[in-house]
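Working through the structure, step by step
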Amino acid sequence: MLKNTNTSRRLGAIDGMVLSGSLKATRKRRNWSLWILACLIASVSTWSMLCSWLYLNADVTDDGAPDLKARQPRNVANQIDRGVSKEKPHSTIAKKVLNSEIYNPPAATLEHRRLITYNRHGGRLNNQIIQFIGAIQHAKILKRRLVVPDEKVAVEWTGLLDDSFHIWNLTTLKQAYDIDWESGLEVNKDKARKDGFVLNVPKQCVLNQFQLMDLLIGGPSHWMEWDRKCPDILNLGQELPLCSPKHSFCGDSEAISEARNIYSHLRLSSYMQSLLPPTQPLAVHSRRAGEGGYDWEICIDPTKRVCQEHVREDEWNKYCNERTVRGNCAIWADLSYAIKDERFWKEKEKEYRFNLASDGTHDWSIDYSGQFVMANSTSWLQHMEEVAQQRIQEGETLQSLGNSFFLRDRLKNQKGQNPLLSRAIGIMFQLSSTILEMFSLVNSDYFVGGFYSTFSLNVCYLRGLDRVMNSNMCWMLLHPDTEKAIPPPVEHAINIPIDDNAEETMPPALMSDVEHAFVTSDDGKFFVIDRYRFMFRRPNDRGKIPTFISVLGQGVVPMTIEKLSNGEDRIHANFTCSMGNQMETKASIYILGKDEDSPVEDNPDTLFIVCYELKYDPDVTIQPPLSLQSQDGSFSLRIGSNLVRARNVPRLSHGSSIKTWGLLHCLLPSSRKIDPDWLLKYLRHHKSLGVQSHVHIYNVDWHSPQIQSILNDYRGEKFISRHDWSTRAKSRSSAANNFTNNLARSAAKMDCMLRSRGVDSYALFSEIDEFMDGSDFPTQLKYCEDNFLDRCPLDVSVAPPNLIEGNFHLTSVSEIQKKKRECVNIKNLTLPPWTLIT
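Here the structure is a predicted model, which is why all the values come from computation and not from measurement.

Re the overall build of the chain
Within the chain, the secondary structure is distributed over 26 helices and 32 strands. In the chain, buried positions account for 53% of the 838 residues. Restricting to contacts in the chain with at least 6 residues of sequence separation, those with at least 24 account for 73%. As displayed, the chain has an accessible area near 38900 Å², and 51% of this comes from carbon and sulfur atoms.

Here it is in structure tokens:
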């Protein structure tokens, strides 16, 4: 031992000495071995630490083992587990361990309450329901208690918090899930502070959109990270809890199944169930092109993306083609075209009968009168008025009807008013109508709807997995056990070409970008173009510019014309305007007159009817139907379409940042035949003038493939909007056939101007054969803008008829005529709109 010790000492002292050959070689080998051993120990330690880190940060597979793939930012589209197990030898198949079995966090304490909440999304009822379902889903998976946030504004009201309104029966939902319905309410804030339930959420515990999509697919190790970071309360943020593929709830197959289970607990009260319309074999959800703006791309582009994410690429030509997508965005346009399921083939359209949820975008009565059934919430509104009266008689306040801050605020100071619920009636009408329409679609045998619609998504989930094939789109959205949807048989599908190579003609109704009401009065004498919301400051108005509701149409209405002493005429309307609970208010008539340029001699008067006393409710998307009716009932009509409004918030000053057009070009309707080459040159010329402009084309019978191709291209560039006012556009809407034959010119002027009034600078009403001079036109228009002129005279050139029709080419400049056209200032909201189109 001593020798070894001395040797050790010698070896420790030889640093820097010159050794003999054999000892030197031995020492080198020993040093090399020690260095390798040290490296090996360091490598093992590093690998151990790396594995530990990966385990804590890895996704978890279905069997509970960590997935040690490179941890990139989680790509939801690639990592969502749909629960599809890979085939393995029978001997190696093990029981699948669910995340709910792996994840067992500690129980809640006073310091670590394990709460979860969310900030309400800006969308209305259907978005609110989806966010609510997703919040319960997250609370269940993460084993936390959900605190439901208060409803603060009209768009957030679902009635879920207000049991006194007899809308929902949530008994089983409250039994099945751990939900706190009170702590988030403003009315209970004092109680909340006393009980220690103040929801002060740390900033790092409020999830952004990417963290929300990442949460459920992260697995137990990921959830433990959030438990350590936010043991008290976690806020899911304000995004909808939908992940890829589009319109799918987040998480693996277990989490998605939980979302479906929650829907089974959303039930209506017995009173609301009694108001559901009779179940029909077919139900239709009318989805035009986006709320209010009639922008096709708002619906078409997302619908195509939804379709392509859920369907195999080799099936895109059948299920994601333009005709199918457009049909789902405008399912109302031609019902006989939309229904292709053999189970619903009928010899005559009149034999179709269906439940309808219209979203307020189209008045179906003119096209399908007597064929559809719609939910009617009138009885519920009357019932709630009786409940309110009873509360007052029993000495309670009207506010006791509501729990949410929004509704209690709406019911303040209502005593003595008739009806009592007047301040809340608009949102109550929309809420009840939407809910009843939704459940009428749920009950039907077959459901036709749009892919890109949270309304349709809710209906599909409420219908359940066992009914996914009884729809043109539920099977596409609900497929929890497969990565892609399994298509139904082609003969039981909607809008699917049976022959892969078949090229079907696009129906004319699907070529129009702008929807109009087109309603005829009961006596057949008055034809309505649409109803409008417009702004105008009258001489005695002060403060904010008022919003008014109007009707544009042609024909004869009951009125009396009084001759005044100064020779002027005073028009008295012998009928009234009603909308919702606003009954029999005064109507005012402005005669726009006959269009002098119209070649038709019997052109009827165009009338602009303003219902000054009707109040527009900005809290609701779907306004109640507007009715015009005389006292004796001889004249009446009802308009249920969405109100047309300017395409943007009216610009109140010239320095506003809202993008505007310098010129709104209103191309008046014409039934003349035009050459596609002329239309192409016409649009190309006006697009190159150097003025920010947009063209509204009121085309009649311009349905040739060549013309539609040109219009599609310029529509895609946002340069034109197409209004198809032909008899082909809708099956029975053009009841007044002469309306489409050059008689709608004054109406087109008013319609065009109202769609941009207060937004764009000037409107020009012109013909297809008139074009602006490229050199002088921008200068003339700029002069008018700089001097704020109400009317701006411009030079235009008129091409000869044969050139427009494509019969010969222009041979001489002398064939081009010159004339003056007046642009009108549509930005100035102090000018009455009916004075601008003469």
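Things to note about the packing of helix 19 (residues 425-443) against helix 20 (residues 454-463)
Interaxial distance between helix 19 and helix 20 falls to 9 Å at its minimum, and their mutual angle equals 50 degrees. Relative to helix 20, the element helix 19 lies oblique. Along this stretch, helix 19 crosses helix 20, giving a crossing that reads as right-handed. Each of Thr434, Glu437, Met438, Phe439, Leu441 and Val442 in helix 19 lies in contact with helix 20, whose residues at this interface are Phe455, Asn458, Val459, Leu462 and Arg463. Split by residue class, the contact of helix 19 with helix 20 holds 7 nonpolar, 2 polar and 2 charged.

Quick word on the environment of Leu465
Residue placement: Leu465 occurs in the loop between helix 20 and helix 21 (474-477). Leu465 sits in the partly exposed class, given a relative accessible area of 33%. As for Leu465 and His479, which are separated by 14 residues in sequence, their C-alpha atoms are 8.2 Å apart.

Regarding the side chain of Ser377
Its location among the elements puts Ser377 in the loop between strand 13 (372-374) and helix 17 (378-393). Setting aside residues no more than four positions away along its own chain, Ser377 makes contact with Phe429, Ser432, Ser433 and Leu436.

As for the packing of aromatic side chains
The full count for this structure, using the stated rule, is 24 aromatic pairs. Arranged with centres 5.9 Å apart and planes meeting at 45 degrees, the rings of Phe534 and Phe548 form a pair that is tilted. Placement of Phe534 in strand 16 (residues 526-535) and of Phe548 in strand 17 (residues 547-555) is noted, with a sequence separation of 14 residues between them. Like Phe548, Phe534 is buried. One aromatic cluster is present, formed by Phe534, Phe536, Phe548, Tyr590, Phe608, Tyr612 and Trp834 through successive ring pairs. Here the guanidinium or amino end of Lys152 rests over the ring plane of Phe405, the centre of that ring lying 5.1 Å away. In this structure, Lys687 packs its charged tip against the face of Phe719, placed 5.9 Å from the ring centre.

Things to note about unusual backbone geometry
Looking along the chain, the bond that leaves Ser244 and enters Pro245 is cis, with omega of 0 degrees. Within the secondary structure, Pro245 is located in the loop between strand 8 (242-243) and strand 9 (248-249). Despite not being glycine, His247 shows a phi value in the positive range, around 65 degrees. Note on placement: His247 falls in the loop between strand 8 and strand 9. One non-glycine residue, Phe518, adopts positive backbone phi at about 50 degrees. Position of Phe518 relative to the elements: it lies in the loop between helix 21 and strand 15 (519-520).

Re the sheet that holds strand 28 (residues 720-724)
The 7 strands lie next to each other as 28-27-26-29-32-31-30, forming an open sheet whose pairing is mixed. Because the sheet does not close on itself, it has two edges, and the strands there are strand 28 and strand 30 (770-772). Between one strand axis and the next, the sheet turns through 30 degrees on average, direction left out of account. For strand 30 and strand 31 (residues 791-798), the ladder comprises 3 bridges, and the chain directions are antiparallel. If you follow Phe771 over to strand 31, its bridge partner there is Ser797. Along the sheet, helix 22 (residues 676-687) makes contact with strand 26 (663-670), strand 27 (693-699), strand 28, strand 29 (762-766) and strand 30, crossing strand 30 at roughly 25 degrees.

Here's the deal with the nonpolar core
Counting residues in hydrophobic clusters, the biggest one holds 102 residues, and the most contacted among them are Phe165 and Trp168. Among the elements that take part in this core, helix 19 stands out by supplying 11 residues, more than any other. Counting 33 residues, the second largest nonpolar core, distinct from the first, contains Phe548, Val610, Leu831 and Ile837.

Section: the pairing of strand 20 (residues 576-579)
Sheet topology note: the strand 20/strand 21 (residues 582-586) ladder contains 3 bridges and is antiparallel. By the bridge assignment, Met579 is partnered in strand 21 with Gln582. Hairpin remark: strand 20 followed by strand 21, antiparallel, with 2 residues in the connecting loop; positive phi at Gly580, about 65 degrees. For strand 20 and strand 24 (residues 626-629), the ladder comprises 4 bridges, and the chain directions are antiparallel. Of the residues in strand 24, the one forming a bridge with Ser578 is Ser627.

Observations regarding the sheet that holds strand 20
The strand order 21-20-24-25 describes an open sheet built from 4 strands, whose pairing is antiparallel. With partners counted over all chains shown, the strands left at the sheet margins are strand 21 and strand 25 (636-639), one partner each. Neighbour-to-neighbour, the strand axes of the sheet open up by a mean angle of 20 degrees, direction not taken into account.

Here we look at the state of the cysteines
If you walk through the whole model with that rule in mind, you get 7 disulfides. Disulfide pairing is shown between Cys577 and Cys611; the S-S distance is 2.1 Å. In this structure, the disulfide formed by Cys577 and Cys611 twists by about -75 degrees around the S-S bond and is classed as left-handed. Of this pair, Cys577 sits in strand 20 while Cys611 sits in strand 23 (residues 606-611); the two residues are 34 residues apart in sequence, bridging distant segments of the chain. Here Cys611 falls in the buried class, since its relative accessible area comes to 0%. Of all cysteine sulfurs, the one in Cys792 lies closest to Cys823, which takes part in no disulfide; the gap is 5.4 Å.

Overview of the environment of Leu436
Within the secondary structure, Leu436 sits in helix 19. What makes Leu436 buried here is its relative accessible area of 0%. Along the chain, Leu436 and Ala375 lie 61 residues apart, while their C-alpha atoms are 5.7 Å from each other. If sequence neighbours within four positions are ignored, Leu436 has contacts with Met272, Leu275, Leu276, Ala375, Asn376 and Ser377.

Details of the packing of helix 5 (residues 125-142) against helix 10 (residues 253-263)
In contact at an axis separation of 9 Å, helix 5 and helix 10 are set at 125 degrees when each is read in the N-to-C sense. Accordingly, the angle class assigned to the pair helix 5 and helix 10 is oblique. The two elements helix 5 and helix 10 cross, and the hand of that crossing is right-handed. Facing Ile129, Ile130, Ile133, Ile136, Gln137, Lys140 and Ile141 of helix 5, the residues of helix 10 in contact are Ala255, Ile256, Glu258, Ala259, Ile262 and Tyr263. When grouped by side-chain class, the residues that make up the contact of helix 5 with helix 10 number 10 nonpolar, 1 polar and 2 charged.

Observations concerning the side chain of Asp180
Within the secondary structure, Asp180 is located in strand 6 (residues 179-180). Among buried charged residues, Asp180 stands out as having no salt bridge; its nearest opposite-charge side chain is Arg145, 4.1 Å away. At 2.5 Å, the side chain of Asp180 and the side chain of Ser183 are in polar contact.

Regarding the pattern of salt bridges
Counting across every chain of the model gives 26 salt bridges. The closest approach of N and O atoms between Asp795 and Lys820, which form a salt bridge, is 2.7 Å. A residue pair is termed long-range when its members are at least 10 positions apart, and Asp795 in strand 31 and Lys820 in strand 32 (residues 817-825) qualify at 25 residues. Given a relative accessible area of 27%, Asp795 falls into the partly exposed group. The exposed category is assigned to Lys820, whose relative accessible area is 54%. Through salt bridges that share partners, Arg745, Glu767, Glu770, Lys819 and Arg821 make up one connected network.

The rules behind each value
- Residues numbered from 1 in each chain as written.
- Predicted model: local features only at pLDDT ≥ 70, side-chain atom pairs only at ≥ 80, totals over all residues.
- Heavy atoms only, no water.
- Helix = DSSP H or I, 4+ residues; strand = E, 2+ residues; numbered from the N terminus.
- Buried < 20%, exposed > 50% of the residue type's maximum accessible area, 1.4 Å probe, protein only.
- Contact = heavy atoms within 4.5 Å.
- Areas by Shrake-Rupley, 256 points an atom, 1.4 Å probe, with all protein chains shown as cover.
- Axes fitted to C-alpha atoms, helices over the stretch in contact; angles between N-to-C directions.
- Parallel < 35°, antiparallel > 145°, perpendicular 65-115°, else oblique.
- Left-handed = near helix turned anticlockwise from the far one by under 90°.
- Nonpolar A, V, L, I, M, F, W, Y, C, P; charged D, E, K, R; others polar.
- Phe/Tyr/Trp six-rings, centres within 6.5 Å; stacked < 30°, edge-to-face > 60°.
- Lys NZ or Arg CZ within 6 Å of the ring centre and 35° of its normal.
- Pairing = 2+ DSSP bridges.
- Core = buried A, V, L, I, M, F, W, Y, C linked by side-chain atoms within 4.5 Å.
- Disulfide = S-S within 2.5 Å.
- Lys, Arg positive; Asp, Glu negative; His and termini not counted.
- Salt bridge = Lys/Arg side-chain N within 4 Å of Asp/Glu carboxyl O.
- Polar contact = N/O pair within 3.5 Å; in protein donor to acceptor, adjacent residues only side chain to side chain.

No statement about biological role is implied by the geometric values presented.
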